[in-house]
Amino acid sequence: NLGIGGDWIQNVMWRLLNGVLDKLPVKVAVLLIGTNNLSNRFTPEEVAGGIGRLIKTIREKAPESRILLLGILPRGPSLEENQANRRIRETNERLAKLADGTRVVFLDIGDALVDPDGRIAPEVMPDQLHVAMPGFVRWMDAMSPVLDRMLEGR
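Residues numbered from 1 in each chain as written. Predicted model: local features only at pLDDT ≥ 70, side-chain atom pairs only at ≥ 80, totals over all residues. Heavy atoms only, no water.

We now examine the sheet that holds strand β2 (residues 66–70). In space, the 3 strands of this open sheet follow the order β1-β2-β3, with parallel pairing throughout. Of all strands in the sheet, those with a lone pairing partner are β1 (28–31) and β3 (104–107), marking the two edges. Neighbour to neighbour, the strand axes of the sheet diverge by 20 degrees on average, direction disregarded. As defined by bridge partners, β2 adjoins β3 across 4 bridges and the pair is classed as parallel. The partner of Leu69 across the bridge, within β3, is Phe106. (Pairing = 2+ DSSP bridges. Helix = DSSP H or I, 4+ residues; strand = E, 2+ residues; numbered from the N terminus. Axes fitted to C-alpha atoms, helices over the stretch in contact; angles between N-to-C directions.)

Let us now look at a nonpolar patch on the surface. A cluster of nonpolar side chains, namely Met133, Phe136 and Val137, defines an oily patch on the protein surface of about 290 Å² accessible area. Mapped onto the fold, Val137 is located in helix α6 (residues 133–151). Of the residues examined, Val137 reaches a relative accessible area of 43% and is grouped as partly exposed. (Patch = residues over 30% accessible without salt bridge, like charges linked within 9 Å, V, L, I, M, F, W, Y side chains within 5 Å. Areas by Shrake-Rupley, 256 points an atom, 1.4 Å probe, with all protein chains shown as cover. Salt bridge = Lys/Arg side-chain N within 4 Å of Asp/Glu carboxyl O. Buried < 20%, exposed > 50% of the residue type's maximum accessible area, 1.4 Å probe, protein only.)

In terms of residue burial, β2 counts as a mostly covered element, since 4 of its 5 residues are buried. Alignment of β1 against β2, held across 4 bridges, turns out to be parallel. From the neighbouring strand, Val28 faces β2, where its bridge partner is Arg66. Crossover handedness for the path β2 to helix α4 (residues 84–96) to β3: right-handed. (Right-handed = clockwise from strand over helix to strand, strands pointing away.)

Written as structure tokens, this is what we have:
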């Protein structure tokens, strides 16, 4: 786990360029980043471009690894009640295009965190941003089959 709360894409890039992957045997890197950039006036294009550069750097630093690129998670009380979710959806559409389906796989787990009525339950995201244990269970249920496939034979 190389994530740090409050990270921006630029923080992750700095760590990548300054040796964080140099001595780690990475089979699959799970990449979830960008929400803090979106919240601080970066455009979906800029966020997707920055994440694209992260992917390129990971591939250079750990060429045998695969990357599971997660879509930016929804926020707020519901998908419709928070305008940030429109920008998140737009960014995720761009992120999906960065995947090739083999070396880089895109997975948007946002739907797993949202109830059928489009609301995000308080037990899933108590502060409407950070995932709590019931949300982590949903997250793992959505991510595990993809991660298992990516790790197969590695």
